[in-house]
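Observations on the model geometry
Here is how the chains run, residue by residue.
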Amino acid sequence: MVRHAPVYAPDAAVSMTMRRVLLALSPGIVVYTGFFGWGLPVQLALATVAALGFEAVMLKLRGRPVAVHIGDYSAVVAAWLLVICLPPLLPWWMTLLAVFFAVVIAKHLYGGLGYNPFNPAMVGYAVLLVSFPREMTQWIPLEGYVIPGFGETLAVIFGGSVVSHLDGLSTATPLDHFKHSSSAAPAIMGTLAGKGWEWISLCWLVGGLWLAYTRTLDWRIPLSLLLTVGLFAVGLALGSNNPAWQNPLFHLLSGGTLFAAFFIATDPVTASTTQAGRWLYAAGIGLLAMVIRVWGGYPDGFAFAVLLMNLSAPMIDYLTSPRAYGHK
Amino acid sequence: MTAMLTSGIVVNGYRDMATRLPVARVPVCSELVLPLQQHIGTPAEPVVGSGDRVVRGQLIARARGFVSAGLHAPVNAVVLGIECRPVPHPSGLNGLCLVLAAEDGADWGSAGPEVVDPNSIAIPEPDIIRMMVRQAGIVGLGGATFPTSVKIKSGMSQPVDTLIINGCDCEPWISCDEMLLRERPGQVLAGCHLLRQSLAADRCVLAVEDDAPEMVAGLQQVIADCNSPVRLEVLPARYPSGSEKQLIHIITGKEVPSQGLPVDVGAAVYNAGTAAAVYQAVVHEVPLISRLVSVSGPGIGRPRVVEALLGTPVSELLRFCGGRTADANGLIMGGAMMGLGLASDEIPVTKGMNSILVTTPAMSQDAQGEMPCIRCGECARVCPARLAPQQLLSLIRNGDLEQAQQRWALEDCIECGCCNAVCPSHIPLAGYYRYAKGEIRKQGKARVKAQQARQRYEFRMERIERAKREREEKLRKKKEALQAANKARARAAMAEEARSFEDEM
């Protein structure tokens, strides 16, 4: 067997890309856990096991070599991205359902890694948000409540028990709260986007910048998305009477803005692939998310914004394909 | 601002491997094998026969047709015959070769002066230069092997403002241009003058890459010393800066139109080795009988650039360079990105053989199996032809070659392999494109064939129809004539009868 060129040792691999994403998520997960307790790590473990299980079954059913493809970490990445968006004390079966929709429906039924038109994590999230709106908006407030311990967390997630002092879980995200309140959002850390959330957001920013630095993601996507949100927020601050919208920084640091910019919109499979297209694609997500945030019925709109732009990505690609060398 | 390639990739060129030892000549071998097809175009036609005695530099096969190149005897020798022998070709098939037996004591001959003052050489008329280049059998020595005289001719018919001499060793592991420019810069500069004169080019640029500092410093010195009008352009090392179309864009800022030629944008590119060969042919009247070959890679004992007579077996080059190491596992003609795998080392050095790369398993040890495309877009970012590699891949996999060709410019792929190198899914993208281009050509040929068959069929049917018509016509005429004759006879008979009746009356 004659071997032709190219001969070289490749320095990129799908599994490495995925492992880098997991690594970049880690600081945010640690800080998240520090603020809100064991909910997130428990959910992550649950979702990881479930995702790998679904992945293995689907690969087997599709007749693909399980060992080769399960080692690409793509299912774990989808599961982690999904869980990070969910309230940490969600009942276990809801998490399982979301992972099922993400891995089985959104990913494998559309042809598996590389072929899914919709972001699997956002499909799982959207399914829960539409089906269980009450549970999906029960976030742990940091003030006035004791963060549940490990045992308590397990009891809530798996036992369905409602621990007495958590009875009145906050049903409003900070965004929801500010949207309907008349008080101005104070511009200091800790109260800007809801206690704890700015620090977590900054961790996403750090992890995301590292991914951009290592070329794991295309910097155009987060930059375009954040610019769009920022410009929209400045316009809102200038043009709106709502005191909650007066500080543009609020929109960048609260809700899922940074997380979506660096970890959700950058999923290469479902994003636009051309350079010009990525500017447009991410700007579209930022714009739609802000429209939903400000005028829509949901407190935050990144999931739907991402899914809508996923739908537009092939057309954006087609329209923004570069002019080949030597062509007019 | 420095001109540079903005796409492509930064790769380790391994420039320090084959450049530690000076260029050396491989001793004359007892048997030399010269394929009749060592260039793009029509194969050369032998003008000597079995048993003929030939002397060094004698024409042994002449160019046939316009796009072709002749062959010359590398040493004093006796023609053994014209035989089918293994040749460096992707098909792995044998090709017709002139086989020579070197005479006892045949040698390289005296080496021409290595140091020349490029400004002092006499420069003949453009047509004379072109004719001498044609008679010397010179082809593009960068690997493309297009007959140089034909290229000069096309440059004469349209104005050329920029002559570019390509001194970038285009792929990793290849060092023959670097060693040439280090050891014989005067020859290259003299060749630049001759080519520039023949094309009446306004300016001449010598392009090299910055990963060979010793060569760059030497060239700057030589150009300053002889006050040469050649402009040295030192490009940041980036693959594939040495690709013709890309180099033209870097130097002139112009893009060669798709399916067009460099002269369409007033540019002409010649390899540095070709320029030196032009100098040898025009000034010393030495035809192309040898070339520099870079013998490199982790699998060779003493990597170096050698000068080898055309027709010398590759095995001899390997032996001269210290032989293969124990873990050597393959031979590649050309570079690590685009080279052609060789099944055996029993093939001859040809005009286009710029490099022999001896590979080891370590060179590609991390290569895993192919994974699904995750649409990361890295391939599009590095593509020097600005194609959409992903779209092409999915179209080719789905068999939609027409769309790949018409909407996504498949034919403009230069097969540089940058997409392969950056693909995290390790998809052999360039291989898919090469396959698809071949398939499109095949389909085109089949279409032409089908059309010809249809025309033949239609013509035949028409001919049969015509013959039938003619036959019927003839028959009809005959019948009419017969009928007319019958009628006439009947009439005559009746008249006769009437007459006889009248007579009876």
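Each remark here, short or long, concerns the structure printed above.
Residues numbered from 1 in each chain as written. Chains lettered and ligands numbered in written order. Predicted model: local features only at pLDDT ≥ 70, side-chain atom pairs only at ≥ 80, totals over all residues. Heavy atoms only, no water.

A word on the overall build of chain B
- The helix and strand inventory of chain B stands at 13 helices and 17 strands.
- Computed over its C-alpha atoms, the radius of gyration of chain B comes to 32 Å, more than 25% above the 23 Å expected for a compact globule of 505 residues.
- Taking the principal axes of its C-alpha atoms as reference, chain B extends roughly 135 × 65 × 50 Å.
- Of all 505 residues assigned to chain B, the portion counted as buried reaches 51%.
- Excluding contacts between residues fewer than 6 apart, the proportion of contacts in chain B whose partners are at least 24 apart in sequence is 73%.
- Total accessible area computed for chain B in this model is approximately 23,000 Å², and 53% of it derives from carbon and sulfur atoms. (Helix = DSSP H or I, 4+ residues; strand = E, 2+ residues; numbered from the N terminus. Rg over C-alpha atoms; globule rule 2.2 N^0.38 Å. Buried < 20%, exposed > 50% of the residue type's maximum accessible area, 1.4 Å probe, protein only. Contact = heavy atoms within 4.5 Å. Areas by Shrake-Rupley, 256 points an atom, 1.4 Å probe, with all protein chains shown as cover.)

Points about a nonpolar patch on the surface
All names here are of chain A.
- Taken together, the side chains of W219, L223, L227 and W279 present a nonpolar region at the surface, about 390 Å² in accessible area.
- With respect to the element layout, L227 can be found in helix α10 (residues 220-239).
- When its relative accessible area of 46% is taken as the criterion, L227 is described as partly exposed. (Patch = residues over 30% accessible without salt bridge, like charges linked within 9 Å, V, L, I, M, F, W, Y side chains within 5 Å. Salt bridge = Lys/Arg side-chain N within 4 Å of Asp/Glu carboxyl O.)

Things to note about the layout of surface pockets
- Considering only enclosed or pocket space, the second largest pocket measures out at about 1,100 Å³ in volume.
- Lining the second largest pocket are 44 residues, with D11 and A12 of chain A together with E378, R381 and V422 of chain B sitting closest to its centre.
- Mapped by element, the contributors of at least two residues to the lining of the second largest pocket are α1 (14-36), α10 and α13 (275-295) of chain A together with α9 (378-382) and α12 (418-422) of chain B.
- In this structure, the lining of the second largest pocket is formed jointly by two domains, domain 1 (14-170) and domain 2 (172-319) of chain A, each of which donates at least three residues. (1 Å grid on protein atoms, 1.4 Å probe; cavity = no way out; pocket = protein on both sides within 12 Å on 5 of 7 lines; lining within 4 Å. Points joined across faces, edges and corners; volume = space filled by probe spheres on them. Domains from an automatic or database assignment.)

A few points about the packing of aromatic side chains
Residue and element names in this part refer to chain A.
- Applying the stated criterion across every chain yields a total of 15 aromatic pairs over all chains.
- Arranged with centres 4.8 Å apart and planes meeting at 55°, the rings of W204 and F259 form a pair that is tilted. Pair noted here: W204 is in helix α9 (residues 197-213) and F259 is in helix α12 (residues 257-264), with a separation of 55 residues, a long-range link.
- Overall, W204 belongs to the buried group, its relative accessible area being 5%.
- Measuring from ring centre to ring centre gives 6.1 Å for F232 and W295, while their planes differ by 70°; the resulting arrangement is edge-to-face. (Phe/Tyr/Trp six-rings, centres within 6.5 Å; stacked < 30°, edge-to-face > 60°.)

Regarding a positive patch on the surface
All names here are of chain B.
- The grouping of R460, R463, R466 and R469 at the surface amounts to a positive patch.
- With respect to the helices and strands, the residue R466 is situated in helix α13 (residues 429-504).
- The exposure class of R466 is partly exposed, given its relative accessible area of 33%. (Lys, Arg positive; Asp, Glu negative; His and termini not counted. Charge placed at Lys NZ, Arg CZ, Asp CG, Glu CD.)

Some words on the pairing of strand β13 (residues 290-296) of chain B
All names here are of chain B.
- Here β13 lies mainly inside the structure; seven of its seven residues are buried.
- Of the two faces of β13, the one holding S290, L292, S294 and S296 and the one holding R291, V293 and V295 are both buried throughout.
- As judged from the three bridges shared by β13 and strand β17 (residues 355-359), these two strands associate in the parallel manner. From the neighbouring strand, S294 faces β17, where its bridge partner is S355. (Pairing = 2+ DSSP bridges.)

Here's the deal with the interface of chain A and chain B
- Taken together, the contact pairs 36 residues of chain A with 52 residues of chain B.
- A buried area of about 3,800 Å², summed over both sides, lies between chain A and chain B, and 55% of it is on carbon and sulfur atoms.
- Sorting the residues of chain A by area buried against chain B places V7, Y8 and Y325 of chain A first, and these three jointly supply 21% of that buried surface.
- R375 of chain B is the partner of D317 of chain A in a salt bridge, and the nearest nitrogen-oxygen pair spans 3.6 Å.
- In this structure, the connection of chain A to chain B is made through 18 residue pairs in polar contact (both at pLDDT 80 or more).
- Of all the secondary-structure elements, those providing two or more residues to the side of chain A that touches chain B are α1, α3 (66-70), α13 and α14 (302-320) of chain A. (Buried area = accessible area lost by both parts, 1.4 Å probe. Polar contact = N/O pair within 3.5 Å; in protein donor to acceptor, adjacent residues only side chain to side chain.)

Some details on unusual backbone geometry
Residue and element names in this part refer to chain B.
- Looking along the chain, the bond that leaves Y239 and enters P240 is cis, with omega of -5°.
- Note that P240 resides in the loop between β11 (231-235) and α6 (244-252).
- In the Ramachandran plot, E285 falls in the positive-phi region, its phi being about 55° despite a non-glycine side chain.
- In this fold, E285 is placed in the loop between α7 (272-283) and β13.
- Residue class for E285 comes out exposed when judged on its relative accessible area of 62%.

Some points on the pairing of strand β9 (residues 162-166) of chain B
All names here are of chain B.
- Within β9, five of the five residues are buried, which leaves the element mostly enclosed by the surrounding structure.
- Side-chain alternation along β9 places T162, I164 and N166 on one buried face and L163 and I165 on a second face that is also buried.
- Note that β9 and strand β10 (residues 203-209) share five bridges and pair parallel. Its bridge partner being in β10, I164 is matched across the sheet by V205.
- Here β9 runs beside strand β12 (residues 267-271); their pairing, made up of five bridges, is parallel. Residue T162 lies in a different strand from β12, and its bridge partner there is A267.

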